[in-house]
Every structure is written in C-alpha cells, then in structure tokens.
Amino acid sequence: MVNYIARRLVLSIFLAVMLVAIVFFMLRTIVPGDPILLLAGERATPEMIEVLRVHQGLDKPLAQQFFIFLRNAVEGDLGRSIMTRQPVMETVLRAYPITIRLTALSFLFTMVIGILVGVITAYWHDTWLDNIMRVVTVTGASLPTFWLGLMFILIFAVFLGLLPVQGSVSLKGLIMPAITLGIGSAAFLARLVRGAMLEVLNSDYVRTARAKGVIEFGVVLKHALRNALIPIITVAGFEIGGLLGGAVITENIFGLAGMGQLTITAIYNRDYPVIQGTVLFVALTYLFVNIIVDVMYAYVDPRIRYN
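Definitions and cut-offs
- Residues numbered from 1 in each chain as written.
- Predicted model: local features only at pLDDT ≥ 70, side-chain atom pairs only at ≥ 80, totals over all residues.
- Heavy atoms only, no water.
- Helix = DSSP H or I, 4+ residues; strand = E, 2+ residues; numbered from the N terminus.
- Buried < 20%, exposed > 50% of the residue type's maximum accessible area, 1.4 Å probe, protein only.
- Contact = heavy atoms within 4.5 Å.
- Phe/Tyr/Trp six-rings, centres within 6.5 Å; stacked < 30°, edge-to-face > 60°.
- Expected span 1.5 Å × (residues − 1).
- Salt bridge = Lys/Arg side-chain N within 4 Å of Asp/Glu carboxyl O.
- Axes fitted to C-alpha atoms, helices over the stretch in contact; angles between N-to-C directions.
- Left-handed = near helix turned anticlockwise from the far one by under 90°.
- Nonpolar A, V, L, I, M, F, W, Y, C, P; charged D, E, K, R; others polar.
- Patch = residues over 30% accessible without salt bridge, like charges linked within 9 Å, V, L, I, M, F, W, Y side chains within 5 Å.
- Areas by Shrake-Rupley, 256 points an atom, 1.4 Å probe, with all protein chains shown as cover.
- Core = buried A, V, L, I, M, F, W, Y, C linked by side-chain atoms within 4.5 Å.
- Parallel < 35°, antiparallel > 145°, perpendicular 65-115°, else oblique.

Draft legend 1. Representation of the overall build of the protein within the structure. Along its length, the protein carries 13 helices and zero strands. Starting at the N terminus and ending at the C terminus, the protein contains elements arranged as α-α-α-α-α-α-α-α-α-α-α-α-α. Taken over 307 residues, the protein has a buried fraction of 41%. In the protein, of all internal contacts separated by at least 6 residues, the share reaching a separation of at least 24 is 74%.

Right under this line is the structure:
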C-alpha cells in the first residue's frame, strides 16, 4: 500500500504539471487579449508597453517562460499577479481555505442526503415514497445552480432573514452556498445509491442474513450498504471535482472571496500567474482526493489489494 501511494503521488505531480502546462500554453496562444494592454491602459505608448512586457517576463519564448514558472513553483514561488503585483502564493492561500470549507460542507451535505435518500428509496422501492423521491431527485439534478442560489437568497435571506445575504464565510453564511452547490450532486448520488442498493438487497447473502435472524437495520447498513459502497465511493471522488468546479459559479453568486471568484477575476484581467496558481491548487486537491478514494477501496472491500 505504501509503495502504491508513493507511485500515485509521483503520478499526481506529473499530471498536475501536465495540466498546468496545457493551461499555460492555451492562455498565451488561444485565449484572446493581452494582459499588458489592459495593464498599460489606452494612452500607453508602444515603448511603455514593451517595457511592461519585459518587466513581466512575457517577452521571453513560451518554453522558457514555462520552465521558469516550474523552477519557481518548486521553490514555492508562483510569481506575482500582473494586475495587483501581489505574490500569487499569498493571494491563492487567502482564497483557498474559503473554497475548501465550502466544498467540504457541500460534500458532507451531498453524502448525507444522497446516501440517506438512496437507501430509503431502495428499501421502500416502488412505493409512493419512492415515486415522490424520484421526482424530487430528478428535479434537484435539473435545477440550474445560479437560479437555485438566487432563489435561496431571496427566500432565506431577503424574505425570512434567517441567513446572511452575501460575503459571510462563517458556518451560518456557508449553509446556503453549500446546499446550492450540493443539491445537484446529492440528487445524482441518491439515484446511484438506490440502484446499487436494489441490486445488493436482492442478493443471496442478504436473504441469508435475514434468514439467520439478523435485525433489519443491520442487514441494510452492515450487509447491504457496505457492499454497495464501491460505486458510491467512486462517484464521490468524482463529485469532489464537480464541487470544486461548481464553486466558481456559487462563490460569485454569494460573494465569497474564494478560488472561484479569484479565478473569474483573473480570467477577466488576463492575469496569467493567478490563473496558473488557482489551476495548480485545484488540480493537486482533486488528485489528492482521488488517492484517498483509491485507498478507501481496500478498506471497504478487503478483497482489493494494491501490489
């Protein structure tokens, strides 16, 4: 297991470098606009623009710029923002905890609601409760995040005054953003859990456990749910990536100064160093979560072994 984790860490670093390389070269070759022109302003002379370009290091060949970025990144230096001149590492580290808290709370909501609804609908399948829950999950998965967020603000913040409107990073302030971000994932997970549980509940070993007199609660949780966890864990790992990506929209709706809002602002300003820094942090987070998911496979199912 230790050797497997070490190999995965090395592979994850390689994948993160490849992803940053793709973003690095796409920003400079495909994405329209020049950050130097935005920085210099409309009245800048060609000489001033050239001086700024040299000062920002954008006059060098792309390959040289990339290797300079990698060398500095290994030393913990992600460069400075083109627009604010602040160190990118400090800028990202201010926004990163907000996004992680939002993602973690949303993931907790997704897992609790998704598994709970999935188990209930599987156990009482083809009943009125199952039919209602299926309609609810399909609706939840279909609602656009931006519309849902605005409705939550209107109802729970403006009309009822129960929660902060925007900008709060307290637990109370993150409730609406987390639910907004997690509803679609929870609905999808509930349908997956229902399908996996239906397959397991009809298996021979579940019928045997019931015949031996095991209480129904133990049959559902210990025998059925545990054996249905492999596909659930797999999807949960992918959902982390979806939640991190969805934070871009959610943070802008609720005015949270996290990675999503930072990324949108950086893209608008063509701030290459900040975009590269946010992509690197998000990629490493997602890759780290997938390593944890793979390790959990062996814990949940003892038959799985990594050589």
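Additional details are given in the paragraphs that follow.
Draft legend 2. Broad picture of the packing of aromatic side chains. Following the criterion strictly, the structure yields four aromatic pairs and no others. Note on Phe25 and Phe66: the rings are 5.5 Å apart at their centroids and 45 degrees apart in plane angle, and the pair reads as tilted. Within this pair, whereas Phe25 is found in helix α1 (residues 2-29), its partner Phe66 is found in helix α4 (residues 62-74), the two being separated by 41 residues in sequence. We classify Phe66 as buried; its relative accessible area is 8%. An aromatic cluster of at least three residues, connected via ring pairs, comprises Phe25, Phe66 and Phe67.

Draft legend 3. Expanded view of the environment of Val17. Counting through the fold element by element, Val17 comes out in helix α1. Accessibility expressed as a relative area gives 28% for Val17, which makes it partly exposed. Measuring from C-alpha to C-alpha, the distance between Val17 and Leu70 comes to 8.2 Å, with 53 residues separating the pair along the chain. Not counting residues within four places of it along the chain, the set of residues in contact with Val17 comprises Phe66 and Leu70.

Draft legend 4. Structural detail: the environment of Gly184. Considering the arrangement of structural elements, one finds Gly184 in helix α8 (residues 171-201). According to the relative accessible area criterion, Gly184 is partly exposed, its value standing at 29%. Note: C-alpha distance between Gly184 and Leu143 (41 residues apart in sequence) is 7.4 Å. When near neighbours in sequence (up to four residues on either side) are disregarded, Gly184 contacts Gly140 and Ala141.

Draft legend 5. Main features of helix α11 (residues 229-253). An ideal rise of 1.5 Å per residue puts 36 Å on 25 residues; α11 measures up with 34 Å between its terminal C-alpha atoms. Count one or two residues on from α11 and you reach Gly255, which has phi positive near 65 degrees.

Draft legend 6. A look at the pattern of salt bridges. One pass over the structure, following the stated rule, counts two salt bridges. In this structure, the salt-bridge partner of Asp130 is Arg134, at a minimum N-O distance of 3.7 Å. Of this pair, Asp130 and Arg134 both sit in helix α6 (residues 128-142), separated by four residues, roughly a single helical turn. The partner of Asp130 in a salt bridge is Arg194, and the shortest N-O contact between them spans 2.7 Å. Taken as a pair, Asp130 in helix α6 and Arg194 in helix α8 lie far apart in primary sequence, 64 residues in all.

Draft legend 7. Structural view of the packing of helix α5 (residues 88-123) against α8. Across the interface, α5 lies against α8 with an axial gap of 5 Å and an inter-helix angle of 35 degrees. In this structure, α5 meets α8 at a crossing whose hand is right-handed. Partitioned by chemical class, the residues of the contact of α5 with α8 number 25 nonpolar, seven polar and two charged.

Draft legend 8. The arrangement of a nonpolar patch on the surface in detail. Together, Leu154, Ile155, Val158, Phe159, Leu160 and Leu162 line one region of the surface with nonpolar side chains, adding up to about 570 Å² of accessible area. Within the element layout of this structure, Ile155 appears in helix α7 (residues 145-159). The exposure class of Ile155 is partly exposed, given its relative accessible area of 37%.

Draft legend 9. Highlighting the nonpolar core. Counting residues in each nonpolar core, the largest one holds 26 residues, and the members touching the most others are Leu78, Val92 and Ile275. For this core, the elements supplying multiple residues, two or more each, are α1, α4, α5, α12 (259-268) and α13 (272-300). If one sorts the elements of this core by residue count, α13 sits on top with seven residues. With residues up to four places along the chain from it excluded, the contact list for Leu78 reads Phe69, Ala73, Val88, Met89, Pro273, Gly277, Leu280 and Phe281. In this structure, Ile115, Ala122, Ala196 and Ile232 belong to the second largest nonpolar core, which totals 18 residues.

Draft legend 10. Seen up close, the packing of α6 against α8. Contact pair α6 / α8: the axes reach a minimum separation of 7 Å and the direction vectors enclose 140 degrees. Overall, the two elements α6 and α8 adopt an arrangement that is oblique. Crossing of α6 over α8 shows left-handed handedness. Judged by residue contacts, Asp130, Arg134, Thr137, Val138, Gly140 and Ala141 of α6 engage Ile183, Gly184, Ala187, Ala190, Arg191 and Arg194 from α8. Within the contact of α6 with α8, the residues separate by chemical class into five nonpolar, three polar and four charged.

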